[in-house]
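Chain and residue survey
Below are the chains, spelled out letter by letter.
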Amino acid sequence: MKEQDVIIIGGGAAGFFAAINIAMQNPDLQVTILEKGKEGLQKVKISGGGRCNVTHAEFIPQELVQNYPRGEKELRGPFHQFMTGDTIEWFENNGVALKIEEDGRMFPESNSSQTIIDCFLGLAKKHKVHVAYSQTVKSIIPQENSWLIKTQSDEFQAKKLLVATGSSPKMWKLLETLSHAIIPPVPSLFTFDIKDKRIQGIPGVVAQHVEVKVVDSDLYSEGPLLITHVGMSAPAILKLSAFGAVELAKRNYKFSIAINFIKRSFQDCIEALKQLKFDLAKKTVLKTAQFDLPKRLWQQLVLAASISAETRWADLNKGQLEALAKQLTEAIFKVDGKSTFKDEFVTAGGVDLREINFKTFQSKLHENLYFAGEVLNIDAITGGFNFQNAWTGAYIAAQHISKS
């Protein structure tokens, strides 16, 4: 039996951050991380294409929470305690300078996730955090004033337990044995599989400002849209997949989307096209891309409106004008499945948020049981927001654990 003051299950971002902060704030505590893999911090390693998207340059709590389809209400209070500015300061105080990119994402100045990993491993060693690798937790047993944690090879006893295992179906099953309710997990942050003549042959094309709606629902998003070899991606799609995670799972990822490529109403578009018919009378429609649309996308939409390659603006009839306006403002595409976005697999679902005290990230059902990160039913859109949730929850839990 190995006795500890604090056991943390999960050697990922939230687990390491919590362990280091506990040890920093109370050096008298013995802290052990149990990690099932041969090494930890694997998600940190691959995040942001190997650069680690640490957080997002959003400094107002009520704005920041809007990036969380699940957890928006619950994170308001915690973000007033520890959020983006605190994250930046924490990393800088520990030797990692961060930089802001144009879209607001923040990375280490080194452009390498290894910088974050080295920082965590170095601090864990410095502050005497013990990391036990290849430890698969088999059972969690509450005792009178402690927790008994059995792995495939060892038994550990601790006064306080923090679970930071991310999206782990096995851990969720164990937590159900402790009477915690688990919201069934479904994928979030995925790209759409679409087979459609209009987007075949133009992968890599980006429409910068589009609106996307899921037909027969209230689901809506806007932003850049990327055409891929298998369908569509980029923020407009990823945001929709996150906010629509539960609904789209119910539809078995078969649904239709309506895209407004120019963010104008159908009627506005008709008026603009009539003006172009006059202004560009002698030019061919196909070769004169409008509304800041990429040329290749414009051409596909023109052809989809049954306008031939030789048709001049002056020759467009009412029906063709309306067909083109429809393609530009109300183009319907059938989605038939999803694909994982890069390696950044994110899950909606997890421990029911009603069972958590968000002032401490402690379980309302069991004293001295804490949670941080995606093990909870909290997830975010892409851009560093999932990590910010991990840092915030881990820090607040660490504060409470180290004091009590």
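Scroll up to find the structure.
Below or above, wherever it landed, is the structure these notes cover. (Residues numbered from 1 in each chain as written. Predicted model: local features only at pLDDT ≥ 70, side-chain atom pairs only at ≥ 80, totals over all residues. Heavy atoms only, no water.)

**Some thoughts on the sheet that holds strand β17 (residues 338-340)**
We apply this condition: Should DSSP find at least two bridges between two strands, the strands are taken to pair. Numbering of helices and strands runs from the N terminus; a helix is a DSSP stretch of H or I covering at least four residues, while a strand is a stretch of E covering at least two. Axis definition: a line fit to C-alpha positions, over the contact stretch in the case of helices; interaxial angles, taken between N-to-C directions, run 0 to 180 degrees. The contact criterion used is simple: two residues touch if any of their non-hydrogen atoms lie within 4.5 Å.
Reading across the sheet, the seven strands line up as β16-β15-β12-β13-β14-β11-β17 and stay open at both edges, with antiparallel pairing between neighbours. The outermost strands of the open sheet, each flanked by one partner alone, are β16 (331-336) and β17. If you compare each strand with its neighbour and ignore which way they point, the axes differ by 40° on average. Judged from the six bridges that link them, strand β15 (residues 254-260) and β16 form a sheet pairing that is antiparallel. Paired with I257 across the strands is F333, a residue of β16. Helix α12 (residues 318-329) contacts β15 and β16 of the sheet and is inclined by roughly 110° relative to β15.

**So, the pairing of strand β11 (residues 190-193)**
Sheet analysis places β11 next to β17, joined by three bridges and oriented antiparallel. Paired with T191 across the two strands is S339, which belongs to β17. In this sheet, strand β14 (residues 231-233) lies alongside β11 in antiparallel orientation, the contact comprising two bridges. Bridge pairing in β14 links F192 to M232.

**Details of the environment of I182**
Inclusion rule: Here's how the labels work: a residue is buried when its accessible area is under 20% of the maximum for its type, exposed when over 50%, partly exposed in between, all with a 1.4 Å probe on protein chains only.
Mapping I182 onto the fold places it in strand β10 (residues 182-188). What makes I182 buried here is its relative accessible area of 16%. Between the alpha carbons of I182 and I88 there is a distance of 32 Å; along the sequence they are 94 residues apart. Sequence-distant contacts of I182, defined by excluding residues within four places in its chain, comprise W172, L175, E176, G350 and V351.

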